[in-house]
There are 2 protein chains.
Amino acid sequence: MSSENRLIYLPLGGAGEIGMNAYVYGYGPKDQERLILVDLGVTFPDMDGTPGVDLIFGDISWLEARADRLEAIFVTHGHEDHIGAVALGWPRLKCPVYTRAFTGNLAVRKMEERGGDPEAVQIVGAYPEKVDVGPFSVSFLPVSHSIPESSGLIINTPAGRIVHTGDFKLDESPVVGEPFDPALWGQLGQEGVKVLTCDSTNVFSPQGGRSEATVGPGIHQLVSQAKGMVVATTFASNIARLKTLAEAGKNAGRSVVLLGRAMRRMVEAGIQSGVLTDFPTVVSPEEATQIPRENLMLIVTGSQGERRAASAQLARGKYMGLEMKKGDLFLFSSKTIPGNEKGVIQIINALSEKGVDVVDDSSGIYHVSGHANRPDLKRVHELMHPEMVIPMHGEHRHLREHVKLAEENGIPAIIATNGTMVDLTGPVPKVAEYIEAGRTYLDGAIQIGALDGVVRDRIRMALNGIVLVNVIIDEEDEPLGDPWVELRGLPETGTSNAPLADVLEGDLGQMLGRTDDKVLRDDDKLEDALRRRTRQVANEEIGRKPEVVVVISRLSA
Amino acid sequence: MSSENRLIYLPLGGAGEIGMNAYVYGYGPKDQERLILVDLGVTFPDMDGTPGVDLIFGDISWLEARADRLEAIFVTHGHEDHIGAVALGWPRLKCPVYTRAFTGNLAVRKMEERGGDPEAVQIVGAYPEKVDVGPFSVSFLPVSHSIPESSGLIINTPAGRIVHTGDFKLDESPVVGEPFDPALWGQLGQEGVKVLTCDSTNVFSPQGGRSEATVGPGIHQLVSQAKGMVVATTFASNIARLKTLAEAGKNAGRSVVLLGRAMRRMVEAGIQSGVLTDFPTVVSPEEATQIPRENLMLIVTGSQGERRAASAQLARGKYMGLEMKKGDLFLFSSKTIPGNEKGVIQIINALSEKGVDVVDDSSGIYHVSGHANRPDLKRVHELMHPEMVIPMHGEHRHLREHVKLAEENGIPAIIATNGTMVDLTGPVPKVAEYIEAGRTYLDGAIQIGALDGVVRDRIRMALNGIVLVNVIIDEEDEPLGDPWVELRGLPETGTSNAPLADVLEGDLGQMLGRTDDKVLRDDDKLEDALRRRTRQVANEEIGRKPEVVVVISRLSA
């Protein structure tokens with residue numbers, strides 16, 4: 001019975017955080033809904049919470065258990081927080097992956113590198129082209145953002161139309177790609193939109209957003225007035241910005257060099273997929289070493305201070321034969337993402353030591369955001385006049401503020417963070433269920449759960465250091481010699497001025513001599529006694545209780 | 001011969017970084033100069049570079065080796081980056097510590113807590129009072145900052161006068177403490193200043209600084225319009241701000257509560273030292289639980305997102321019986337120091353989940369900086385018209401920009417980072433020597449060197465995990481059983497789907513069986529072989545090469 005069908009929304013990532021986007025929609029009878037997944041992105045690890053981890057993405061166990069009901073994955077654009085986990089998750093989900101051409105170029109490469117199936121990637125043109133999967137009919141609606149061919153999704157279902165904006169801004173002169181088309185958006189609204197699932201990133205920015213085209217004049221002027229070498233960094237995927245920077249270099253009579261693997265890869269993807277045309281000729285780093293520095297314009301990776309990227313390498317010394325000097329100019333045509341400040345500041349200081357002049361975006365001239373600001377969000381609400389707004393792509397504070405904005409305009413809205421299944425069938429959104437929505441870590445070659453304890457142990461070792469205690473128990477259940485102690489990440493010498501390892505070995509040896517036979521025969525009890533004594537002695541000696549690993553070897557069973 | 005005397009400056013911390021200030025001045029024959037130290041502060045550790053470390057301060061080995069020539073330590077003000085290591089370094093330097101009353105109150109407490117001598121702390125009044133130590137005559141020049149009784153130092157020497165600004169701003173209405181006195185500063189300049197050693201923190205801020213008094217009206221209005229409970233956070237040591245916040249609460253008919261140990265401690269120090277008068281009556285947290293929430297104003301610690309401070313605790317749940325709810329207001333009357341963004345954002349989101357409205361300083365209304373901006377620095381250069389400017393209290397980029405500013409005004413200046421000894425005797429500053437200027441870590445109860453490798457090992461364990469391999473070799477130099485393997489911070493299962501520990505034990509056991517006697521008899525060779533094989537197998541199984549500790553136990557020698 002069709003009245004039993006329901007339309008559901010379930011974010012598995014990206015709602016209640018900025019990063020690792022993954023949004024599920026479903027339509028059908030309860031618990032038999034046919035499903036689609038919009039985006040499968042990553043978020044990046046840090047030393048504070050995830051040392052040693054390579055990538056983080058949403059826990060897709062819920063979806064994996066229902067993979068037979070999953071029709072397809074749609075990828076809105078090629079930023080890592082939207083596409084980065086597609087190849088990692090694909091072997092567990094195995095379904096077609098639909099994208100536009102530029103995004104598809106990146107997706108295929110990822111599949112090849114990470115063991116997914118490149119053949120699963122299907123290229124789709126923009127609206128009005130559509131893909132029919134199960135009960136869904138999906139079109140890619142061109143939007144402006146900071147990477148080519150970003151798209152919202154128009155998802156037609158028997159229960160009504162969903163517009164899922166993806167990451168977007170309203171830009172009528174985006175330099176690369178289709179300008180914002182208010183007439184089309186208005187028409188979609190006229191036809192009726194049930195649900196607007198909408199980017200919330202910049203809901204706290206009170207002024208209307210600025211067009212990508214507005215950074216051109218400032219950059220051109222800056223580069224034309226520069227005397228020495230000019231180096232500029234931005235996100236490699238911001239092809240429009242790369243074009244603006246390259247053209248500024250060319251107009252100033254400079255040869256353009258692209259430095260950094262991602263930079264070359266993105267320009268290649270842009271050309272292969274046809275979104276990038278008329279990019280100025282570039283010269284290789286080798287050729288550049290033969291060109292006077294005042295005739296060079298380097299466009300480089302590493303705008304977020306990444307230690308191995310070209311920016312950091314140039315700040316530290318020579319890179320690919322090129323070196324910055326006093327009187328050169330370094331431009332951050334980018335903003336620093338919260339959490340990356342220290343890395344960026346390190347680069348600026350290293351450049352300062354070389355006498356390089358650094359220009360960043362503190363003036364507001366050399367960078368614009370790729371997300372819609374508060375007035376732009378309001379305009380989209382009005383153009384689409386949906387029955388309900390579901391804020392996504394935001395931390396809790398962004399989602400909450402976006403709900404307020406929608407409700408001010410009389411549109412029902414709901415805060416739905418990761419794991420909140422929302423029933424969209426009725427006139428207002430309703431929470432249907434809460435799913436456990438955790439995080440999965442790519443750790444070397446292995447996917448581990450965030451709560452597996454592996455990373456917790458790493459953090460403990462980093463904070464407390466570790467003591468390894470080795471004891472050999474002979475055939476008569478007597479200790480054979482003193483315990484052997486090894487330290488890692490601990491001061492060698494404590495307050496008694498003797499080596500900590502010696503103090504521990506002596507003390508634990510004495511303790512073993514006093515330990516009664518019952519404990520000596522019981523691994524658990526003996527281990528526990530040795531651990532507690534080790535922590536106590538360490539605390540007396542160095543004022544810190546380390547992690548302790550005890551290994552007891554018994555010469556007979 | 002007096003012409004052989006020289007005047008030197010040697011920063012051991014704070015020059016080329018913001019934090020752990022420590023500046024040495026010396027006067028006398030080369031290598032026999034009598035010395036004074038200005039400030040001995042700390043900087044704070046982080047997971048990225050210094051996991052597990054408690055505090056960081058400048059390496060004072062150079063000074064310790066010359067402690068017999070050290071006359072005194074002068075502490076300009078009570079911020080941790082200026083006073084925090086006085087008690088830690090004191091046992092190695094043993095000399096009088098001169099401060100004004102409020103700073104002294106804090107210094108005595110630190111001495112008591114950290115094992116320094118509280119009796120060493122000598123309280124000095126403001127200029128024109130002076131302290132004569134060796135060839136120096138030193139006065140405390142009141143300056144405005146964001147803590148009471150901040151002072152510059154007027155250091156008269158036989159080679160001329162040094163004005164060491166300390167941290168300062170120009171504030172003619174600082175709410176607490178002495179207003180900026182341009183006449184006095186002008187007079188000091190008239191008398192002649194040889195060296196101006198000057199705060200560089202805000203050299204990139206193009207507008208003149210704002211007075212502490214300017215935040216009053218905005219805060220009063222915000223608090224008076226609030227409906228629920230109001231909670232405000234700022235640095236506990238910003239007594240003037242605490243007073244403004246408390247008065248805003250009182251004027252709005254609210255009972256004021258101080259939450260957090262540092263908050264109560266600072267108000268106590270303010271009252272004890274006489275700098276804080278007329279502070280509104282406060283009620284205890286216990287009393288507050290009996291007062292309607294709309295009549296409460298909490299002033300709390302934790303403006304930088306510190307996990308254990310009152311702000312974070314209130315964001316997570318109940319604290320001291322008090323709990324925030326929907327409709328309450330939380331005010332950050334503070335700016336976020338770079339590196340602390342994530343912690344602060346976490347609190348904001350946790351408050352958002354509770355329905356609490358958060359106001360921060362993005363409007364620029366509720367906080368002002370405690371440092372002089374570029375036009376203020378220029379004004380001080382002009383008032384003091386020194387023979388030379390030595391920029392301090394800044395990263396390299398700040399020092400460099402401050403040198404440019406001085407040189408634009410025709411004043412010689414020099415970038416002197418930590419360890420750069422500058423000869424100030426002549427008409428322009430000259431580098432005399434480079435001293436090794438490292439960092440010392442307080443790690444639990446032990447002071448360790450930054451390059452000792454302790455912290456490096458912790459970082460490696462955090463990034464790579466660790467494998468412990470235990471091998472017993474019997475009396476005939478034959479392995480006794482298989483090796484025993486323990487893992488920490490590593491996935492339990494690798495790509496072969498068997499437990500990693502089992503795979504390693506089996507593989508290493510087989511390897512030992514094949515190992516020739518020469519290697520089995522040689523601990524170093526055997527350890528090396530086991531380590532390399534462990535890393536190789538781990539890399540095949542989990543795509544990661546862990547740290548490895550090998551312990552070989554021999555049953556006979």
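Bear in mind that the values here come from a model prediction, so they are computed numbers and not experimental data.

## Things to note about the overall build of chain A
Phase 1: Counting secondary structure elements, chain A contains 17 helices and 28 strands.
Phase 2: Classification of the 557 residues of chain A by burial places 60% in the buried group.
Phase 3: Only carbon and sulfur atoms are counted for the fraction: they give 47% of the accessible area of chain A, which is about 21,600 Å².

## Some thoughts on the sheet that holds strand β14 (residues 195–199) of chain B
All names here are of chain B.
Phase 1: The mixed open sheet is built from six strands, whose spatial order is β10-β11-β12-β13-β14-β20. Sheet topology places β10 (131–133) and β20 (388–392) at the edges, where each strand pairs with a single neighbour. Strand-to-strand twist across the sheet, computed as the mean angle between neighbouring axes with direction ignored, equals 20°.
Phase 2: Here helix α5 (residues 182–191) sits on the sheet and contacts β11 (136–142), β12 (151–157) and β13 (160–164); the angle it forms with β11, its principal contact strand, is near 155°.
Phase 3: Helix α12 (residues 374–384) rests against β11, β13, β14 and β20 of the sheet, and its axis sits at about 165° to β14.

## A closer look at the UniProt feature "domain: Metallo-beta-lactamase" (unreviewed entry) in chain A
Phase 1: Mapped onto this numbering, the UniProt entry gives "domain: Metallo-beta-lactamase" (unreviewed entry) at residues 19–219 of chain A.
Phase 2: As a span, residues 19–219 of chain A carries 22% helix and 28% strand, and end to end its C-alpha atoms are 29 Å apart.

## With respect to the packing of helix α11 (residues 341–353) of chain A against helix α13 (residues 396–408) of chain B
Phase 1: Following both chains from N to C, one finds α11 of chain A and α13 of chain B inclined at 45°, their axes separated by 8 Å at the closest point. The orientation of α11 of chain A with respect to α13 of chain B, classified from their angle, is oblique. Facing I345, I348, N349, S352 and E353 of chain A of α11 of chain A, the residues of α13 of chain B in contact are H396, R397 and R400 of chain B.
Phase 2: Within the contact of α11 of chain A with α13 of chain B, the residues separate by chemical class into two nonpolar, three polar and three charged.

## Digging into the relation of the copies chain A and chain B
Phase 1: Expressed as a screw operation, the relation of chain A to chain B combines 0.0 Å of axial shift with a rotation of 180°, fitting to an RMSD of 0.0 Å. Both copies of the chain, as the preceding transformation shows, are related through a two-fold rotation axis.
Phase 2: Most of the interface of chain A is mirrored in chain B: 100% of its interface residues are interface residues there too.

## Points about the environment of L153 of chain A
Residue and element names in this part refer to chain A.
Phase 1: Counting through the fold element by element, L153 comes out in strand β12 (residues 151–157).
Phase 2: The buried category is assigned to L153, whose relative accessible area is 0%.
Phase 3: Spatially, the C-alpha atoms of L153 and W62 are 23 Å apart, while their sequence positions differ by 91 residues.
Phase 4: In this structure, L153 is in contact with V38, F74, T76, V138, S139, F140, I162, V163 and H164, ignoring residues within four places of it in sequence.

## Quick look at the sheet that holds strand β27 (residues 484–488) of chain B
All names here are of chain B.
Phase 1: Ordered by their spatial adjacency, three strands build an open sheet running β27-β26-β28, and the pairing between neighbours is mixed. If you trace the sheet from one side to the other, it starts and ends with β27 and β28 (547–554), each paired once. Ignoring strand direction, the axes of neighbouring strands in this sheet form an average angle of 15°.
Phase 2: Bridge analysis of strand β26 (residues 466–473) against β27 gives five bridges, and the strand direction is antiparallel.

## A look at the pairing of strand β13 (residues 160–164) of chain A
Residues and elements named next belong to chain A.
Phase 1: Within β13, four of the five residues are buried, which leaves the element mostly enclosed by the surrounding structure.
Phase 2: Where β12 lies against β13, five bridges are found, and the strand directions are antiparallel. When the sheet's bridge partners are listed, I155 is paired in β13 with I162.
Phase 3: As consecutive antiparallel partners, β12 and β13 are separated by two residues.
Phase 4: As judged from the three bridges shared by β13 and strand β14 (residues 195–199), these two strands associate in the parallel manner. Residue pairing across strands places I162 opposite V195, the latter belonging to β14.
Phase 5: For the crossover that starts at β13, traverses helix α5 (residues 182–191) and ends in the parallel β14, the hand is right-handed.

## Notes on the domain arrangement of chain A
Residue and element names in this part refer to chain A.
Phase 1: The domain boundaries assigned to chain A delineate domain 1 (5–207 + 369–449), domain 2 (212–359) and domain 3 (465–554).
Phase 2: For domain 1 and domain 2, the distance between their C-alpha centroids amounts to 31 Å.
Phase 3: Taken together, the contact pairs 16 residues of domain 1 with 16 residues of domain 2.
Phase 4: The contact between domain 1 and domain 2 buries some 1,400 Å² in all, and 59% of this surface belongs to carbon and sulfur atoms.
Phase 5: At the junction of domain 1 and domain 2, the tally comes to one salt bridge.
Phase 6: The interface formed by domain 1 and domain 2 includes six residue pairs in polar contact (both at pLDDT 80 or more).
Phase 7: Taken together, the residues that form the side of domain 1 that touches domain 2 break down as eight nonpolar, four polar and four charged.

## Side note on the interface of chain A and chain B
Phase 1: In this complex, chain A contributes 61 residues to the contact, which on the side of chain B involves 61 residues.
Phase 2: At the boundary of chain A with chain B, total buried surface from both sides reaches about 5,200 Å², with 59% on carbon and sulfur atoms.
Phase 3: Looking only at chain A, the three residues that lose the most surface to chain B are M47, M461 and R488 of chain A, adding up to 13% of its buried area.
Phase 4: Our count for the contact surface shared by chain A and chain B stands at twelve salt bridges.

## Remarks on helix α17 (residues 523–542) of chain A
Phase 1: When the terminal C-alpha atoms of α17 of chain A are compared, their 28 Å separation across 20 residues agrees well with the 28 Å that a helix rising 1.5 Å per residue should span.
Phase 2: Among the residues making up α17 of chain A, those that are buried are L526, A529, L530, R533, T534, V537, A538, E541 and I542 of chain A. Axial view of α17 of chain A: buried residues confined to an arc of 155°, hence all on one face. Facing away from the buried surface of α17 of chain A by more than 90 degrees, the exposed residues are D524 and R532 of chain A.
Phase 3: As for α17 of chain A, its buried residues are in contact with β26 (466–473), α15 (500–514), α16 (517–520) and β28 (547–554) of chain A together with β24 (439–443) and β25 (446–449) of chain B.

## Comments concerning the packing of aromatic side chains
Residue and element names in this part refer to chain A.
Phase 1: What the rule picks out here adds up to 14 aromatic pairs over all chains.
Phase 2: Between Y9 and Y25, the aromatic rings sit 5.5 Å apart at their centres with planes inclined by 45°, giving tilted as the arrangement. One end of the pair, Y9, is in strand β1 (residues 5–13); the other, Y25, is in strand β3 (residues 22–29), and 16 residues separate them in sequence. One exposure class covers both Y9 and Y25, and it is buried.
Phase 3: Between F180 and W185, the aromatic rings sit 5.2 Å apart at their centres with planes inclined by 75°, giving edge-to-face as the arrangement.
Phase 4: Relative accessible area serves as the criterion here: at 3%, W185 is assigned to the buried category.
Phase 5: Clustering of aromatic rings is evident, with ring pairs tying together Y9, Y23 and Y25.

Reading the values: rules and limits
- Residues numbered from 1 in each chain as written.
- Chains lettered and ligands numbered in written order.
- Predicted model: local features only at pLDDT ≥ 70, side-chain atom pairs only at ≥ 80, totals over all residues.
- Heavy atoms only, no water.
- Helix = DSSP H or I, 4+ residues; strand = E, 2+ residues; numbered from the N terminus.
- Buried < 20%, exposed > 50% of the residue type's maximum accessible area, 1.4 Å probe, protein only.
- Areas by Shrake-Rupley, 256 points an atom, 1.4 Å probe, with all protein chains shown as cover.
- Pairing = 2+ DSSP bridges.
- Axes fitted to C-alpha atoms, helices over the stretch in contact; angles between N-to-C directions.
- Contact = heavy atoms within 4.5 Å.
- UniProt positions renumbered as here; feature names shortened; annotations may be inferred.
- Parallel < 35°, antiparallel > 145°, perpendicular 65-115°, else oblique.
- Nonpolar A, V, L, I, M, F, W, Y, C, P; charged D, E, K, R; others polar.
- Least-squares fit on C-alpha atoms with pLDDT ≥ 70 in both.
- Right-handed = clockwise from strand over helix to strand, strands pointing away.
- Domains from an automatic or database assignment.
- Buried area = accessible area lost by both parts, 1.4 Å probe.
- Salt bridge = Lys/Arg side-chain N within 4 Å of Asp/Glu carboxyl O.
- Polar contact = N/O pair within 3.5 Å; in protein donor to acceptor, adjacent residues only side chain to side chain.
- Expected span 1.5 Å × (residues − 1).
- Arc of directions from axis to C-beta.
- Phe/Tyr/Trp six-rings, centres within 6.5 Å; stacked < 30°, edge-to-face > 60°.

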